[in-house]
Amino acid sequence: SLVGSEMCIRDSYRPSAVACGLIRNNTEMIAVILPDVKGIFVNILDAIDIRVDKEIHGVLLYNASEDPEKEYQAILQALDHRVQGILMLPVIETE
């Protein structure tokens, strides 16, 4: 009879990251909210990925598409996901 970790290995068990995050109140994820995901922002994403890969399990990426309302919704969604932090370059409204 298999027990505990032997069953987990046999069945390729992977605990739910969401459930673990709720229990620990820490998702080990950060949110990155950018006004756009083209041009210079690609370099920013690469730098974030290099750093995060060593210390944090994942990144939620939000593209605000230069829309302040979409940016606001991204912030709310990131908070709903209980991220450890938010890295954000804000949308700059032009008149």
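Above this text you will find the structure in question.
Residues numbered from 1 in each chain as written. Predicted model: local features only at pLDDT ≥ 70, side-chain atom pairs only at ≥ 80, totals over all residues. Heavy atoms only, no water.

> Explain the sheet that holds strand 3 (residues 85-88) here, please?
Strand order in the open sheet formed by three strands is 2-1-3, with parallel pairing between adjacent strands. The two strands at the open ends of the sheet, each matched to only one other strand, are strand 2 (58-63) and strand 3. Adjacent strand axes in the sheet meet at a mean angle of 20 degrees when their direction is disregarded. One ladder, built from four bridges, connects strand 1 (residues 29-34) with strand 3; its direction is parallel. Across the sheet, Ala31 pairs through a bridge with Ile86, a residue of strand 3. Each of strand 1, strand 2 and strand 3 touches helix 3 (residues 40-55); the most contacted strand, strand 1, lies at about 170 degrees to it. With respect to the sheet, helix 4 (residues 68-80) is in contact with strand 1, strand 2 and strand 3, its orientation differing from that of strand 3 by roughly 160 degrees. (Pairing = 2+ DSSP bridges. Helix = DSSP H or I, 4+ residues; strand = E, 2+ residues; numbered from the N terminus. Axes fitted to C-alpha atoms, helices over the stretch in contact; angles between N-to-C directions. Contact = heavy atoms within 4.5 Å.)

> I tried to follow the pattern of salt bridges on my own but got confused; where do I start?
Pairing of side chains with opposite charge becomes possible as their charged atoms draw close. Evaluated as defined, the whole model comprises one salt bridge. The shortest N-O distance in the salt bridge between Lys38 and Asp36 comes to 3.8 Å. Residue class for Lys38 comes out exposed when judged on its relative accessible area of 56%. Given a relative accessible area of 18%, Asp36 falls into the buried group. (Salt bridge = Lys/Arg side-chain N within 4 Å of Asp/Glu carboxyl O. Buried < 20%, exposed > 50% of the residue type's maximum accessible area, 1.4 Å probe, protein only.)

> What should I look at first to understand a nonpolar patch on the surface in this one?
A contiguous nonpolar patch, built from Tyr72, Leu76, Leu79, Ile86 and Met88 and spanning about 420 Å² of accessible area, is present on the exposed surface. Only helix 4 and strand 3 provide two or more residues apiece to the nonpolar patch. It is helix 4 that contributes the most residues to the nonpolar patch, three residues altogether. As for its placement among the helices and strands, Leu76 is situated in helix 4. Among the residues examined, Leu76 registers a relative accessible area of 32% and is labelled partly exposed. (Patch = residues over 30% accessible without salt bridge, like charges linked within 9 Å, V, L, I, M, F, W, Y side chains within 5 Å. Areas by Shrake-Rupley, 256 points an atom, 1.4 Å probe, with all protein chains shown as cover.)

Geometric descriptors of this kind do not, in isolation, establish any biological role.
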